[in-house]
Amino acid sequence: MSIKKPIWQHPFGYAESFIISFGILSVGFILEFILPKTQSTLVFPLNLILGISFFVLLVVSHFLFRKTKIHSFLSGIPLTIALVSSLSFLVILMGILPQVSSHKTGLIQQLGLNQMTSSYPFLMINVLLLIVLAFVSLRKTFPFKLKNWGFVCSHWGLWIVIFAGGLGSGDLRRLKMDVYENKIELQSYDENKKLYEMPLAIKLKDFLIDEFNPKLAIVENETGKLYEAQKPSMIMIEKGLHCDLQSWKIQVEEFYVASGRAGDRYYQLADFGAAPAAKVQAISPQNDTLQGWISCGSFNRPHESLKLNDQFSLVMTVPEPKRFSSVVTFYTPDGKKQDATLEVNKPVTVNGWKIYQLSYDDKMGRYSNKSILEVVRDPWQPYVYLGIFMMMIGAVYMFWKGRETIRE
Amino acid sequence: MIWSNFILVLLSSSLLWLLALILYKKEFLKRLFIVLGTVCIGAFIAFLWVKLERPPLRTLGETRLWYAFFLPAIGMITYMRWRYNWMLFYSLGLSLLFLVINYMHPENFSKTLMPALQSPWFVPHVVVYIFAYAFLAASSLVAVRGLYQHYYQKLDRKVMLMADNLVYLGFAFLSLGLLFGALWAKEAWGHYWTWDPKETWALITWLGYLIYIHRRHHMPNVSKSSLWILALAFVILLVCWFGVNYLPSAQFSVHTYSQAP
């Protein structure tokens, strides 16, 4: 930019773009500061009507004003860069400050920095971005040239993702359901524990959990903290395991996944609450040999550790879940029944609701008879996905075409 | 033991790739040896799959095996398109590193993996990110070189062209990584975008490179500012990669897998 043009004279460039973006951010923060905090979001059908009107307005104004200077500024790269920079600034704040609602009334809360996605500056920058993105995409789409297909895909894709994702957030329902074995549940609750009646009932027939073996670890007697002088500090127990843990040589002589103590030893047992236990031999660096049983216990059985010396003890950790699943039956209002197995990463869709395996009663571990499910309804999801797939096509195009062929 | 044959794979792949490196000027032999080395890993994965009677995707060691397979495969595709020898051998080196880690830490083969990570999306999501980071790291090296040239010598046009190309490839992979992550998140915990700190920083990274691309497109003949943007974008990428865990927002992240005992 060798020729300096006075500011606020067309064509607008970077200076004007950044000043405008800064102004919008400032206005947004002022609004956030003075207006009362509301948690209202747009819900159906208001969001749909507003969205369609916005889109129609964009298209009409594009065709009316496409030859004007203001249009070329609004669809130009300087404003794009200024807006993306402003958005980055907001997102960086969001990436540093924890995004949790709080009842404190500091500056962070008053400026909405702890709930950025529902703050005025965030909203305003995004709306402006949508306008810019729509104008530039419309310009590249009409008249359509075949060589622009990658551009059209990626830009419209992003537009659809922001548009549908933003407008749809009010219609998104994410609720939880606690289901108990052999009981039918019809109610769900949100994060404020408010109850909702669901349009489907779920009966938990069986809750299955598959666990990894527990691990050996050495803890400090006084604090109970894990001793981690050397790695690995935890080793998974297996039958007949020989290993070095810190400076002790450990040998697992017997191991039961489910057992109970009777007299001076543990026996394999299938009782409710039976816990893992192992008979171990530990040889200290001074060649003293210790022997004893350790167990991580369960909700109804005590844990047991082996005292190695005044400072340290050998313990068994609580086993971690490998996979857990719920065998359920869904009942819908039209009288239909559907059996399914829910597992993490394997949700099932029933009657417009997607049902996820979320958690269980972790105090009870594998004896849990409660399964916690997440139920999600997101009617705008297909449109967001359309945008995502268009962006993916755009990304593949970008990979294949690279930079050279675009310029030279 | 299923894994006892692993040393054979490690040896044959390293040997084949070493031959490829020595014969890197003989186009056909180089490609043949690289493909054969990759096939060895693929065959071992198939063998594991059959023996374990499940896809070998459960443990970290198994996942590393998949990286070791996909890295040279993607490296080869990239090479066929862009002819970057260094990128090809970089991917081979990275793949060998994963194989060696697997060989050195056999105890990790049975290590626990939380259920949320046991997904077919896990491998593509991470592999694509590894590639994005590799390209973008390389682009920032080029940027530093460009800045040096700008201030002390004359800027070579080729440097800018190389930086642009690397950013385009890296950005394409970064976008795919983000989008795969979004699709996976929907399957795993009900929403495609939850503003998790790692997601937030990945978005910032994405926006940073987006600024660079637009700036270059707009002002192809102005290099200094673009180079600074590129260098800065890499700092953000590093925050996203390593730094997120140390930020105050990280306490709510699902991407920090440090396990309490």
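Basis of the calculations
Residues numbered from 1 in each chain as written. Chains lettered and ligands numbered in written order. Predicted model: local features only at pLDDT ≥ 70, side-chain atom pairs only at ≥ 80, totals over all residues. Heavy atoms only, no water. UniProt positions renumbered as here; feature names shortened; annotations may be inferred. Helix = DSSP H or I, 4+ residues; strand = E, 2+ residues; numbered from the N terminus. Buried < 20%, exposed > 50% of the residue type's maximum accessible area, 1.4 Å probe, protein only. Contact = heavy atoms within 4.5 Å. Areas by Shrake-Rupley, 256 points an atom, 1.4 Å probe, with all protein chains shown as cover. Rg over C-alpha atoms; globule rule 2.2 N^0.38 Å. Lys, Arg positive; Asp, Glu negative; His and termini not counted. Charge placed at Lys NZ, Arg CZ, Asp CG, Glu CD. Buried area = accessible area lost by both parts, 1.4 Å probe. Salt bridge = Lys/Arg side-chain N within 4 Å of Asp/Glu carboxyl O. Polar contact = N/O pair within 3.5 Å; in protein donor to acceptor, adjacent residues only side chain to side chain. Patch = residues over 30% accessible without salt bridge, like charges linked within 9 Å, V, L, I, M, F, W, Y side chains within 5 Å. Phe/Tyr/Trp six-rings, centres within 6.5 Å; stacked < 30°, edge-to-face > 60°.

The name an unreviewed UniProt entry gives chain B is Cytochrome C assembly protein, with Ancylomarina euxinus as the organism.

Looking at an unreviewed UniProt entry, chain A carries the name ResB-like domain-containing protein, with the source organism given as Ancylomarina euxinus. Recorded under Subcellular location (unreviewed entry), the UniProt text for chain A is reproduced unchanged: "Membrane".

Regarding its fold elements, chain B presents eight helices and zero strands. Secondary structure elements of chain B occur, N-terminal to C-terminal, as α-α-α-α-α-α-α-α. Counting over 261 residues, chain B shows a buried share of 55%. Considering only residue pairs separated by 6 or more positions, chain B has 76% of its internal contacts joining residues 24 or more positions apart. Total accessible area computed for chain B in this model is approximately 11800 Å², and 71% of it derives from carbon and sulfur atoms.

Moving on, we get to the overall build of chain A. Per the secondary structure count, chain A includes nine helices and 17 strands. Computed over its C-alpha atoms, the radius of gyration of chain A comes to 30 Å, more than 25% above the 22 Å expected for a compact globule of 408 residues. C-alpha extents for chain A along the principal axes are approximately 90 × 60 × 50 Å. Expressed as a percentage of its 408 residues, the buried residues of chain A come to 47%. The long-range share in chain A, meaning contacts at least 24 apart out of those at least 6 apart in sequence, stands at 56%. Seen as two clouds, the 42 positive and the 34 negative side-chain charges of chain A have centres 13 Å apart.

Once that is clear, we can look at the interface of chain A and chain B. Of the residues lining the interface, 64 residues belong to chain A; the matching set on chain B comes to 62 residues. Carbon and sulfur atoms make up 69% of the surface buried where chain A meets chain B, a total of about 5700 Å² over both sides. It is N345(A), F399(A) and R403(A) that lose the most area in chain A upon contact with chain B, and together they represent 14% of the buried surface on that side. Along the contact surface separating chain A from chain B lie two salt bridges. For E187(B), the salt bridge is made with K354(A), and the minimal N-O distance between the two is 3.0 Å. The interface formed by chain A and chain B contains seven residue pairs in polar contact (both at pLDDT 80 or more).

Residues and elements named next belong to chain A. A contiguous patch of positive charge on the surface is contributed by R139, K140, K145 and K147. Here R139 lies in helix 6 (residues 120-141). Judged by its relative accessible area of 40%, R139 is partly exposed.

In this section: unusual backbone geometry. Note that the residue after F44(A), namely P45(A), is joined by a cis bond; omega there is 0 degrees. Its location among the elements puts P45(A) in the loop between helix 1 (14-34) and helix 2 (46-65). For the peptide bond that leads from F142(A) to P143(A), omega is -5 degrees, which places it in the cis range. Among the structural elements, P143(A) can be located in the loop between helix 6 and helix 7 (149-168). Phi is positive for W195(B), close to 55 degrees, though the residue is something other than glycine.

Residues and elements named next belong to chain A. Together, F44, L48, I52, V56, V60, L64 and F65 make up an exposed nonpolar region whose accessible area comes to about 680 Å². As for its placement among the helices and strands, L64 is situated in helix 2. Assessed through its relative accessible area of 63%, L64 is described here as exposed.

With that settled, the discussion passes to the UniProt feature "transmembrane region" (unreviewed entry) in chain A. Residue and element names in this part refer to chain A. Per the UniProt record, the feature "transmembrane region" (unreviewed entry) sits at residues 12-36, 42-65, 77-100, 120-138, 150-168 and 380-400. For residues 77-100, the end-to-end C-alpha separation is 34 Å, with 83% helix and 0% strand making up the annotated structure. Overall, residues 120-138 shows 100% helix and 0% strand. The separation of its end C-alpha atoms is 27 Å.

Our next topic: the packing of aromatic side chains. Residue and element names in this part refer to chain A. Applying the stated criterion across every chain, the model contains 30 aromatic pairs over all chains. Their ring planes at 50 degrees and their centres at 6.4 Å tell us that F207 and F324 sit as a pair that is tilted. Taken together, the residues F207 in strand 3 (residues 195-211) and F324 in strand 13 (residues 321-331) connect sequence positions 117 residues apart. Across the pair, exposure class does not vary: F207 and F324 are buried alike. Plain terms: the ring middles of F272 and Y367 are 5.4 Å apart, the flat faces sit at 70 degrees to each other, and that makes the pair edge-to-face. Taken as a pair, F272 in the loop between strand 8 (265-268) and strand 9 (275-283) and Y367 in the loop between strand 16 (353-360) and strand 17 (370-377) lie far apart in primary sequence, 95 residues in all. Given the relative accessible area of 52%, F272 is considered exposed.

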